[in-house]
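# Survey of secondary and tertiary structure
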Amino acid sequence: GENVEQHPSTLSVQEGDSAVIKCTYSDSASNYFPWYKQELGKGPQLIIDIRSNVGEKKDQRIAVTLNKTAKHFSLHITETQPEDSAVYFCAASKNNQGGKLIFGQGTELSVKP
Amino acid sequence: EAGVAQSPRYKIIEKRQSVAFWCNPISGHATLYWYQQILGQGPKLLIQFQNNGVVDDSQLPKDRFSAERLKGVDSTLKIQPAKLEDSAVYLCASSLSHSGNTIYFGEGSWLTVV
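Residues numbered from 1 in each chain as written. Chains lettered and ligands numbered in written order. Predicted model: local features only at pLDDT ≥ 70, side-chain atom pairs only at ≥ 80, totals over all residues. Heavy atoms only, no water.

## Focus: the overall build of chain A
Within chain A one finds 0 helices and 11 strands. What you see in chain A, going N to C, is helices and strands ordered as β-β-β-β-β-β-β-β-β-β-β. Its C-alpha atoms give chain A a radius of gyration of 13 Å, near enough to 13 Å, the size a compact globule of 113 residues would have. The burial tally for chain A puts 47% of its 113 residues in the buried class. If you take every contact in chain A between residues at least 6 apart in sequence, the share linking residues at least 24 apart comes to 54%. Accessible surface for chain A amounts to roughly 5500 Å². Of this, 46% is attributable to carbon and sulfur atoms. Measuring between centres, the 12 positive side-chain charges of chain A sit 7 Å from its 13 negative side-chain charges. (Helix = DSSP H or I, 4+ residues; strand = E, 2+ residues; numbered from the N terminus. Rg over C-alpha atoms; globule rule 2.2 N^0.38 Å. Buried < 20%, exposed > 50% of the residue type's maximum accessible area, 1.4 Å probe, protein only. Contact = heavy atoms within 4.5 Å. Areas by Shrake-Rupley, 256 points an atom, 1.4 Å probe, with all protein chains shown as cover. Lys, Arg positive; Asp, Glu negative; His and termini not counted. Charge placed at Lys NZ, Arg CZ, Asp CG, Glu CD.)

Spelled out as C-alpha cells, the structure:
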C-alpha cells in the first residue's frame, strides 16, 4: 500500500524566513496531495492541495510543488509569521480509492519572533 | 457554513470500559470518515462511509471497534472494550463525495484510557 514519508519532524525558523517541508510517496498511482495545518487541540485544516496534472500551485505565502517522476512534493511557506507555528501534515490519495488519505508523520513548525 | 461537529471533545475511561463518539458532518456531504490520530503521528483511516454504506473498513479493529451511519447523515463510533493503546484523538471528517473533493475535519474527540 501507499506510504508517505515526511521530513523534517521539527523545524524552527525566525519570523520572516522561509520554511520548506518535504514528503515522498511510494505509490505512483497517487494523484492528489493535500497539506493540512493542525494547531494544538484542533482538527487538521486544509491549507493547500495539488493534483498530479499540475507541477506547482501557489496561494499567497504558501506554495506546493510536485515532482511525479521522483514521487515527492514540498510545502513552501515564505515570510513566516508566529501564527504559522503548528504541526503540518502532508497526505496522498488515489481517486479510485475515494477520499482515503495516507498521511505523513507531521512536521512541527516553530516560528520565533 | 457549519463545520463537522463532534462530541464529546474529551473522554477519560478505564480499560475494558466502553465509549461512543458522535459525528455530524457538513450538511450535504455524502462521504464520512473516522480517523484515529495517536499522539505524534498522522491520522490513520479507520472507516469510510458513502451515504449509509461502508466503503472501506480495512483498518478498523472489528473485534472492539464498530461504527454506523444508519440514516446516511450523522455517525457513531464505538469502542468496546477499550485498551490502553486506544488512547488517541478520533477525528471525524466529511466530503461532498468519495472522489476528488476536499476533506474537512472536525475538532476531534480526545480519548484517554487509563
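And the narrative resumes.
## Examining the interface of chain A and chain B
Contacts between the two partners involve 20 residues from chain A and, on the opposite side, 23 residues from chain B. Between chain A and chain B, roughly 1500 Å² of surface is buried when both sides are summed, and carbon and sulfur atoms account for 51% of that area. The interface formed by chain A and chain B holds 5 residue pairs in polar contact (both at pLDDT 80 or more) in total. Its residues placed into classes, the side of chain A that touches chain B shows 7 nonpolar, 9 polar and 4 charged. (Buried area = accessible area lost by both parts, 1.4 Å probe. Polar contact = N/O pair within 3.5 Å; in protein donor to acceptor, adjacent residues only side chain to side chain. Nonpolar A, V, L, I, M, F, W, Y, C, P; charged D, E, K, R; others polar.)

## Topic: the sheet that holds strand S1 (residues 5-7) of chain B
Residues and elements named next belong to chain B. An order of S1-S3-S8-S7 is seen for the 4 strands of this open sheet, with the pairing classed as antiparallel. The sheet is open, and its two edges are formed by S1 and strand S7 (65-68), each paired on a single side. Strand-to-strand twist of the sheet, defined as the mean angle between neighbouring strand axes without regard to direction, takes the value 15 degrees. The sheet contact formed by S7 and strand S8 (residues 75-79) spans 4 bridges and is antiparallel. What sits directly across from Phe-65, in S8, is Ile-79. (Pairing = 2+ DSSP bridges. Axes fitted to C-alpha atoms, helices over the stretch in contact; angles between N-to-C directions.)

## A few points about the nonpolar core
Generally speaking, a soluble globular protein has its nonpolar side chains buried in company with each other. With 24 residues, the main nonpolar core has A:Trp35, A:Phe73, A:Leu75, A:Tyr88 and A:Leu109 as its most contacted residues. Mapped by element, the contributors of at least two residues to this core are strand S2 (10-14), strand S3 (19-25), strand S4 (32-38), strand S5 (45-51), strand S7 (62-67), strand S8 (72-77), strand S9 (86-92) and strand S11 (107-112) of chain A. Each residue touching A:Leu109, except ones within four places of it in the same chain, is listed here: A:Leu11, A:Val13, A:Ala19, A:Ile77, A:Asp84, A:Ser85, A:Ala86 and A:Tyr88. B:Phe21, B:Trp34, B:Phe65 and B:Leu111 belong to the second-largest nonpolar core, a separate cluster that totals 21 residues. (Core = buried A, V, L, I, M, F, W, Y, C linked by side-chain atoms within 4.5 Å.)

## Focus on the side chain of A:Lys94
Structurally, A:Lys94 can be placed in the loop between S9 and strand S10 (102-103). At a separation of 2.7 Å, a polar atom in the side chain of A:Lys94 contacts the side chain of A:Asp27.

## Some words on unusual backbone geometry
Residue A:Pro8 is reached from A:His7 by a cis peptide bond, and omega for that bond is -5 degrees. Relative to the assigned elements, A:Pro8 resides in the loop between strand S1 (4-7) and S2. The amide bond that connects B:Ser7 to the next residue, B:Pro8, takes the cis arrangement and shows omega of -10 degrees. As for its placement among the helices and strands, B:Pro8 is situated in the loop between S1 and strand S2 (10-13).

## Structural notes on the environment of A:Ser9
All names here are of chain A. As for its placement among the helices and strands, Ser-9 is situated in the loop between S1 and S2. Given a relative accessible area of 52%, Ser-9 falls into the exposed group. Each C-alpha atom of the pair Ser-9 and Gly-106 lies 6.2 Å from the other, and the pair is 97 residues apart in sequence. Ser-9 has contacts with Gly-106, Thr-107 and Glu-108, leaving out every residue within four places of it along the chain.

## Structural notes on the pairing of S8(B)
Consecutive side chains along a regular strand alternate between the two faces of the sheet. All names here are of chain B. On S8, burial follows the alternation: Ser-75, Leu-77 and Ile-79 on one face are buried, whereas Thr-76 and Lys-78 on the facing-out side are not. Pairing analysis gives 5 bridges linking strand S3 (residues 19-24) to S8, with the strands arranged antiparallel. What sits directly across from Phe-21, in S8, is Leu-77. The hairpin formed by S7 and S8 contains 6 residues between the paired strands, and Gly-72 there has a positive phi angle of roughly 75 degrees.

## Comments concerning the side chain of A:Ser74
All names here are of chain A. Structurally, the position occupied by Ser-74 is in strand S8. Looking at Ser-74, the relative accessible area reads 7%, which means it is buried. Excluding anything up to four places from it in sequence, Ser-74 contacts Val-20, Ile-21, Lys-22, Trp-35, Ala-63, Val-64 and Thr-65.

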